[in-house]
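Inside the fold
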Amino acid sequence: MNLRHSCLAALVAVLWGLNFVAIDFGLHANGREVPPLLFVAMRFLLVVFPWIFFIRKPDVSWKAIIGVGLFMSAGQFGLLYLAMALGMPAGLASLVLQAQVLLTVLLAAGFLRERPSRSQLAGVVLGVAGLAVVAVGRSAVAPVLPLIIVLGAALSWAAGNVIARQAKAASGLGLVVWSGAVVPLPLAGLSLLVDGPDAVFGTLADLQPATILSALYTAIFASLVGYGIWNRLLASYPSSAVVPFTLLVPVVGMSAAWLALGEVPTPAELAGGLLLLGGVATAVLTRRGRQVLRLGQRRGAGLAPVLVPGLGAGLRTGEADDDGRLAAEAGIRAGAREPDAR
């Protein structure tokens, strides 16, 4: 990538890293606890409206849109916000959620019959070891339940990735907006059942400025701006040039949580985090000639799909085309195609 687009990719990582601190501020505004499921519903209401009236529905089935909405949006963020409301530190959440990369590899192998490479399997093993160290270190200082819930969020995200991979939507932003329409009503209804009408309507009647600003940031900057830039870069460059920037997200998230919230990870959490990031790096920073998950020729397909574990970007595909940019025997070539000027 050229310098400008590298800076844009780094900007997205910063936006996504700060997202966790913004969520924490919104959940605990002025000492008042905001119902987490209600907060997710508020976020996605802002993701969907008014943008759904201006962004065309992606050319995928309603089943795919609902599946992505339920798993990548409602499941992932519902569990993430719940874990943070139960005490999961923002910085640690930004780290553990990266397990979605490893879980996506495993789910794709199980449901899409996409055989992972040796380096991806090694990355999964290393990442699992890192998560085990984090869990042990976390259990020594705080309940481990919130960490398990974040792992559930990562699993839900990975399932959404697989559904998005099967859908093959041409517009990643369109899929984010339209699938987001699945979220507000169900999660608001769940919040009414779990938290009770008094808590829900009391929160809505007395919204704190920090909660409103947090919802705006997570919806506009983390979701719409971040995903818009990310999907644009993925459409213009090989995934190997873009995806590694996601490794900056937990670095930004943990640094921001340390500065803004005073969160200092324990030595065990740091050691486990480094192992986890090492596993993620091993899974995504493979040689260019190994970027294609080997399917062994799926019914005449020239190339196997390429897994791209990005934050909310779903899974993109690399397919052989007429200009010879991709070669079946080499995976994806190193040359990057410049984006068209808009």
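Figured I'd write up the structure that's included with this text. (Residues numbered from 1 in each chain as written. Predicted model: local features only at pLDDT ≥ 70, side-chain atom pairs only at ≥ 80, totals over all residues. Heavy atoms only, no water.)

1. So, the overall build of the chain
The condition that has to hold: Per the convention used, a helix needs a DSSP run of H or I reaching at least four residues, while a strand needs a run of E reaching at least two, with both numbered from the N terminus. The classification of residues rests on relative accessible area computed with a 1.4 Å probe and restricted to protein chains. Under 20% of the type maximum is buried, over 50% is exposed, and intermediate values are partly exposed. Where accessible areas are quoted, they stem from the Shrake-Rupley method and a 1.4 Å probe; at the residue level, only the protein chains shown are allowed to cover.
If you tally the helices and strands in the chain, you get 14 helices and four strands. Counting all 342 residues of the chain, 54% fall into the buried class. Counting every atom, the chain has about 15,200 Å² of accessible surface; 66% of that belongs to carbon and sulfur.

2. Things to note about the nonpolar core
Selection criterion: We define the nonpolar core as a collection of buried residues of types Ala, Val, Leu, Ile, Met, Phe, Trp, Tyr and Cys that are connected through side-chain atoms lying within 4.5 Å of one another. Should any heavy atoms of two residues lie within 4.5 Å, those residues are considered in contact.
Among the nonpolar cores identified, the biggest contains 85 residues, and Leu80, Tyr81, Met84, Met88, Val96 and Leu97 are the most heavily contacted of them. Setting aside residues no more than four positions away along its own chain, Met84 makes contact with Phe20, Ile23, Asp24, Leu27, His28, Ala90 and Ala93. Counting six residues, the second-largest nonpolar core is a separate cluster that includes Leu107, Leu112, Ala159 and Val162.

3. Here we look at the pattern of salt bridges
Our working rule: Salt-bridge detection follows one rule: a side-chain nitrogen of Lys or Arg within 4 Å of a carboxyl oxygen of Asp or Glu.
Following the criterion strictly, the structure yields three salt bridges and no others. Note that Asp206 and Arg32 form a salt bridge whose closest N and O atoms lie 1.7 Å from each other. With Asp206 in the loop between helix H10 (197-205) and helix H11 (209-236) and Arg32 in strand S2 (residues 32-33), this residue pair connects regions lying 174 residues apart in the sequence. On the basis of relative accessibility, which here comes to 38%, the residue Asp206 falls in the partly exposed class.

4. A short note on helix H1 (residues 3-27)
Which entries qualify depends on this criterion: To estimate the expected span of a helix, subtract one from its residue number and multiply by 1.5 Å. Here a polar contact is recorded for every N or O atom pair within 3.5 Å, except that within protein the pair must consist of a potential hydrogen donor and a potential acceptor, and residues adjacent in sequence are included only if both atoms are side-chain atoms.
In this model, H1 (25 residues) spans 36 Å end to end at C-alpha, consistent with the 36 Å of a helix rising 1.5 Å per residue. For H1, the N-terminal cap is Asn2; the gap from its side-chain oxygen to the backbone nitrogen of Arg4 is 3.2 Å.

5. Things to note about the packing of helix H5 (residues 99-111) against helix H7 (residues 145-167)
Filter applied, for reference: The angle between two axes is taken between their N-to-C directions and runs from 0 to 180 degrees, where each axis is a line fitted to C-alpha atoms and a helix contributes only its stretch in contact. Roughly parallel means an angle under 35 degrees; roughly antiparallel, over 145; roughly perpendicular, 65 to 115; everything else is oblique. Each crossing gets its handedness from the near helix: less than a right angle anticlockwise from the far helix is left-handed, clockwise is right-handed. Charged means Asp, Glu, Lys or Arg here, nonpolar means Ala, Val, Leu, Ile, Met, Phe, Trp, Tyr, Cys or Pro, and polar covers whatever is left, Gly included.
One way to put it is that H5 packs onto H7 with a least axis distance of 8 Å and a crossing angle of 50°. Here H7 runs oblique to H5, going by the angle between their axes. When you trace H5 past H7, the crossing you get is right-handed. Of H7, the residues touching H5 (which contributes Ala99, Gln100, Leu103, Thr104, Leu107, Ala108 and Phe111) are Leu151, Ala154, Leu155, Trp157, Ala158, Ala159, Asn161 and Val162. Of the residues belonging to the contact of H5 with H7, the class tally is twelve nonpolar, three polar and no charged.

6. Considering helix H9 (residues 184-195)
Three or four residues apart is the spacing at which side chains of an α-helix point the same way, because the helix has 3.6 residues per turn. Operational definition: Working definition: the arc comes from the directions between the helix axis and the C-beta atoms, pointing outward to the latter.
The end-to-end C-alpha distance of H9, which contains twelve residues, comes to 16 Å, matching closely the 16 Å that a straight helix rising 1.5 Å per residue would cover. Among all positions in H9, only Pro184, Leu187 and Ser191 are buried. Seen end-on, H9 carries its buried residues on one side only, within an arc spanning 80°. H9 presents Leu185 and Leu193 as exposed residues on the side facing more than 90 degrees away from its buried surface. Buried residues in H9 make contact with helix H2 (36-48), helix H3 (62-85), helix H8 (172-180) and H10. The positive-phi residue at the C-terminal boundary of H9 is Gly196, with phi of around 95°.

7. Remarks on the environment of Leu151
Position of Leu151 among the secondary structure elements: in helix H7. Of the residues examined, Leu151 reaches a relative accessible area of 26% and is grouped as partly exposed. For the pair formed by Leu151 and Leu97, sequence separation is 54 residues and the distance between their alpha carbons is 6.6 Å. Aside from chain neighbours lying at most four places away, what touches Leu151 is Val96, Ala99, Leu103 and Leu131.

8. Let's talk about a nonpolar patch on the surface
Operational definition: Excluding any residue in a salt bridge, patches collect residues exceeding 30% relative accessible area, merging like charges within 9 Å and nonpolar Val, Leu, Ile, Met, Phe, Trp and Tyr side chains within 5 Å.
Judged by side-chain polarity, Ile212, Leu213, Leu216, Ile220, Phe221 and Val225 come together as a nonpolar surface patch covering roughly 470 Å² of accessible area. Summarising the element assignment, Ile212 is placed in helix H11. Overall, the relative accessible area of 38% leaves Ile212 in the partly exposed class.

9. Remarks on the environment of Asp24
With respect to the helices and strands, the residue Asp24 is situated in helix H1. Judged by its relative accessible area of 12%, Asp24 falls in the buried class. When the C-alpha positions of Asp24 and Gly87 are compared, they lie 9.6 Å apart, and in sequence the two are 63 residues distant. Excluding its chain neighbours within four sequence positions, the residues that come into contact with Asp24 are Met84, Ala90 and Leu261.

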